[in-house]
Amino acid sequence: MNGTSTPTVGRDEAAAFALPGSALAGVGSRPFGIYVHVPFCATRCGYCDFNTYTAGELGTSASPQSWMEGLRRELDLAAQMTGAPAVDTVFVGGGTPSLLGGDGLADVLGAVRSSFGLAKGAEVTTESNPESTSPEFFERLLAGGFTRISLGMQSAAQHVLKVLDRTHTPGRAVAAAQEARAAGFEHVNLDLIYGTPGERDEDLDLSLDAVLSAGVDHVSAYALIVEDGTALARKVRRGELPAPDDDVLASRYERIDARLADAGLTWYEVSNWASADAATGESRCRHNLGYWDGGDWWGAGPGAHSHVGGVRWWNVKHPARYADQLAAGSLPVGGSEQLTTEDVHVERVMLTARLRTGLPVAELDAAEQRAAETVVADGLLVREGEHLVLTDRGRLLADAVVRTVLR
């Protein structure tokens with residue numbers, strides 16, 4: 001993200017990984033989150049380049065049981081290293097966490113509680129695939145302490161789901177969201193992907209109609225990115241599918257924003273909308289806000305990334321190696337870096353510029369403030385008090401805005 005080289009460490013160095021006192025000094029005074037990566041999927045979606053594995057890809061080298069044993073060990077080691085601050089947010093992602101079932105996810109949260117403990121009013125989220133959920137699943141999660149559900153919908157159009165290699169039926173995501181609300185969850189998110197080859201305006205409208213019928217208080221919408229090494233990238237390279245068109249993506253984003261705003265959902269990050277009556281409160285994803293606003297988090301699980309006090313590190317990717325290193329008593333660190341003051345500044349600008357609260361002017365040096373003034377003059381930023389906030393057009397060009405300010 002910051003453009004610096006990423007040093008890697010070998011097994012011996014990983015075993016000795018420790019956070020410096022300067023990083024640990026403020027732990028507990030800043031928001032502290034736990035991210036848990038579940039690396040298992042029933043099938044691999046054609047657009048996905050996440051660190052996930054199907055049962056066929058893993059064979060007998062790893063299992064949910066060995067992963068869970070490793071997770072407990074990692075969380076215990078993490079608590080020892082950090083002093084076990086009370087956790088403000090937990091986010092279980094993947095992969096497909098719902099494949100663990102309600103009891104399995106309750107065990108995951110139990111492991112976090114056992115090692116760290118949860119702060120009062122902690123936000124606890126899990127991602128779920130609509131096809132591996134049920135009313136009983138959501139009831140078990142609520143009883144187990146989860147407070148928020150995020151469901152991967154992507155689209156309500158069957159032919160769009162087919163291009164993405166999604167296996168759920170078009171109506172299942174809405175049904176799952178309604179089941180979660182009926183079980184007692186106040187906070188439910190639906191994820192959309194827009195700009196898939198073959199998607200039409202009417203397909204997007206169908207998806208938005210479905211989202212709004214579900215009664216959710218949060219929506220995330222992401223432009224399709226063709227990632228190298230994916231099945232989708234190979235189809236685009238062979239000419240079987242067209243690459244996403246930037247003008248079409250911009251038009252779709254504007255369509256999404258208008259529909260959600262009309263329904264009372266307000267943007268608080270470029271790709272995220274929350275209920276307008278709580279757009280500065282609990283409907284927003286507090287865990288992700290911790291990422292975007294410079295908080296601390298420990299990422300547990302294969303390939304998970306962490307950040308504490310200006311130090312970032314990441315775990316080894318393969319579940320078998322992850323479990324083996326933890327069984328041997330060492331943290332499964334695959335690499336780390338100490339962020340410089342400039343690194344922290346660049347990332348701070350990149351992330352806060354995307355937020356509705358905006359980029360604090362005081363954090364920009366004189367040259368950056370002059371550059372920002374040109375962006376304001378171009379109508380891409382507007383000054384609100386002591387912050388610079390993206391305009392509607394600026395959100396379409398957020399990356400260019402950041403590059404201009406930082407040049």
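Structure shown above.
Residues numbered from 1 in each chain as written. Predicted model: local features only at pLDDT ≥ 70, side-chain atom pairs only at ≥ 80, totals over all residues. Heavy atoms only, no water.

Trainee: Please explain the overall build of the chain as it appears in this structure.
Mentor: Scanning the chain from terminus to terminus reveals 17 helices and 15 strands. Here the chain has a C-alpha radius of gyration of 21 Å; the compact-globule value for 407 residues is 22 Å, and the two agree. Its C-alpha atoms give the chain principal-axis dimensions of roughly 55 × 55 × 45 Å. For the chain, buried positions account for 54% of its 407 residues. Restricting to contacts in the chain with at least 6 residues of sequence separation, those with at least 24 account for 71%. Summed over all atoms, the accessible surface of the chain reaches about 17200 Å², with 51% contributed by carbon and sulfur. Charge centroids of the chain, computed over 35 positive and 54 negative side chains, lie 2 Å from each other. (Helix = DSSP H or I, 4+ residues; strand = E, 2+ residues; numbered from the N terminus. Rg over C-alpha atoms; globule rule 2.2 N^0.38 Å. Buried < 20%, exposed > 50% of the residue type's maximum accessible area, 1.4 Å probe, protein only. Contact = heavy atoms within 4.5 Å. Areas by Shrake-Rupley, 256 points an atom, 1.4 Å probe, with all protein chains shown as cover. Lys, Arg positive; Asp, Glu negative; His and termini not counted. Charge placed at Lys NZ, Arg CZ, Asp CG, Glu CD.)

Trainee: I'm lost on the sheet that holds strand β13 (residues 359-360) in this one. Help?
Mentor: Backbone hydrogen bonds hold the strands of a sheet together, and the pairing may be parallel or antiparallel. Here three strands make up an open sheet; going across it, the order is β13-β15-β14 and the pairing antiparallel. In this open sheet, the two strands that pair with only one neighbour each are β13 and β14 (381-384). Where β13 meets strand β15 (residues 387-390), two bridges bridge the pair, whose relative direction is antiparallel. The residue of β15 that forms the bridge with proline 360 is histidine 387. (Pairing = 2+ DSSP bridges.)

Trainee: How do you make sense of the pattern of salt bridges when you look at a structure like this?
Mentor: When their charged atoms lie close together, side chains carrying opposite charge are able to pair. Using the criterion set out here, one finds 21 salt bridges in the structure. Of the charged contacts in the structure, one is a salt bridge between arginine 312 and glutamate 347, with a shortest N-O distance of 2.7 Å. A residue pair is termed long-range when its members are at least 10 positions apart, and arginine 312 in strand β11 (residues 311-315) and glutamate 347 in helix α14 (residues 341-352) qualify at 35 residues. Here the two residues arginine 312 and glutamate 347 agree in accessibility, since each one is buried. One salt-bridge network, in which partners are shared between bridges, spans Glu199, Asp201, Asp205, Asp209, Arg252, Arg255 and Arg259. (Salt bridge = Lys/Arg side-chain N within 4 Å of Asp/Glu carboxyl O.)

Trainee: Help me out: how do you make sense of the pairing of strand β6 (residues 218-223) in this one?
Mentor: Every other side chain in a regular strand lies on the same face of the sheet, so the side chains alternate between the two faces. Sheet topology note: the strand β5 (residues 187-194)/β6 ladder contains six bridges and is parallel. Bridge pairing in β6 links isoleucine 193 to tyrosine 222. Taken together, β5, helix α9 (residues 201-213) and β6 form a β-α-β motif whose crossover is right-handed. (Right-handed = clockwise from strand over helix to strand, strands pointing away.)

Trainee: Where do I start with the nonpolar core in this structure?
Mentor: As a rule of thumb, nonpolar side chains are buried together in soluble globular proteins. Residues Ile34, Trp67, Leu71, Phe138, Leu190 and Trp298 are the most contacted members of the largest nonpolar core, which totals 91 residues. The element best represented in this core is helix α4 (residues 64-82), accounting for seven residues. Non-local contacts of leucine 190, meaning those with residues more than four positions away in its chain, are made with Leu151, Met153, Ala173, Ala177, Val211, Ala214, Val216, His218, Val219 and Ser220. One finds Cys45, Tyr47, Cys48 and Ala157 within the second-largest nonpolar core, a separate group that totals 11 residues. (Core = buried A, V, L, I, M, F, W, Y, C linked by side-chain atoms within 4.5 Å.)

Trainee: Whenever I open this one, the packing of aromatic side chains confuses me. Can you help?
Mentor: Aromatic ring pairs are described here by two measures, namely the spacing of the ring centres and the angle between the planes. Counted according to the given criterion, the structure contains nine aromatic pairs. On the basis of an interplanar angle of 75° and a centroid distance of 4.9 Å, the ring pair of tryptophan 298 and tryptophan 313 is categorised as edge-to-face. One end of the pair, tryptophan 298, is in strand β9 (residues 296-300); the other, tryptophan 313, is in strand β11, with 15 residues separating them in the sequence. Comparing tryptophan 298 with tryptophan 313, the two get one shared label, buried. Three or more aromatic residues joined by ring pairs form one cluster here, namely Phe17, Trp298 and Trp313. (Phe/Tyr/Trp six-rings, centres within 6.5 Å; stacked < 30°, edge-to-face > 60°.)

Trainee: Sorry if this is basic, but what is going on with the side chain of glutamine 154 here?
Mentor: For glutamine 154, the position within the fold is in strand β4 (residues 148-154). Glutamine 154 gets classed as buried once you look at its relative accessible area, which sits at 7%. Discounting residues that sit within four places of it in the chain, glutamine 154 has contacts with Tyr47, Leu161, Leu164, Arg166, Asp191, Leu192 and Ile193.

Trainee: Before we go on, may I ask you to explain the packing of α4 against helix α13 (residues 319-327) in this structure?
Mentor: For any two helices packed against each other, the geometry is given by the interaxial angle and the distance between the axes. Contact geometry of α4 with α13 gives a least axis separation of 9 Å together with a crossing angle of 50°. Between α4 and α13, the interaxial angle falls into the category oblique. In this structure, α4 meets α13 at a crossing whose hand is left-handed. When α4 is examined against α13, the residues Ser66, Trp67, Gly70, Leu71, Arg73, Glu74 and Leu77 are found in contact with a partner set consisting of Tyr322, Ala323, Leu326 and Ala327. Counted by class, the contact of α4 with α13 contains seven nonpolar, two polar and two charged residues. (Axes fitted to C-alpha atoms, helices over the stretch in contact; angles between N-to-C directions. Parallel < 35°, antiparallel > 145°, perpendicular 65-115°, else oblique. Left-handed = near helix turned anticlockwise from the far one by under 90°. Nonpolar A, V, L, I, M, F, W, Y, C, P; charged D, E, K, R; others polar.)

Trainee: Mind showing me how you'd approach the pairing of strand β1 (residues 32-38) here?
Mentor: Burial analysis of β1 places seven of its seven residues in the buried class, which makes it a mostly covered element. Residue alternation in β1 divides its side chains into two sets, Phe32, Ile34, Val36 and Val38 and Gly33, Tyr35 and His37, and both sets are buried. Note: β1 against β9, five bridges, orientation parallel. By the bridge assignment for β9, tyrosine 35 is matched with glycine 299.

Trainee: Any chance you could explain unusual backbone geometry here in plain terms?
Mentor: Residues apart from glycine generally show negative phi values, whereas peptide bonds are mostly found in trans. Cis geometry marks the peptide bond from glycine 94 to glycine 95, where omega comes out at 20°. Along the chain, glycine 95 falls in the loop between β2 (87-94) and α5 (101-115). The residue alanine 84 is not glycine, and still its phi comes out positive at about 55°. With a relative accessible area of 28%, alanine 84 lands in the partly exposed category. Although it is not a glycine, glutamine 154 sits at a positive phi angle of roughly 70°.

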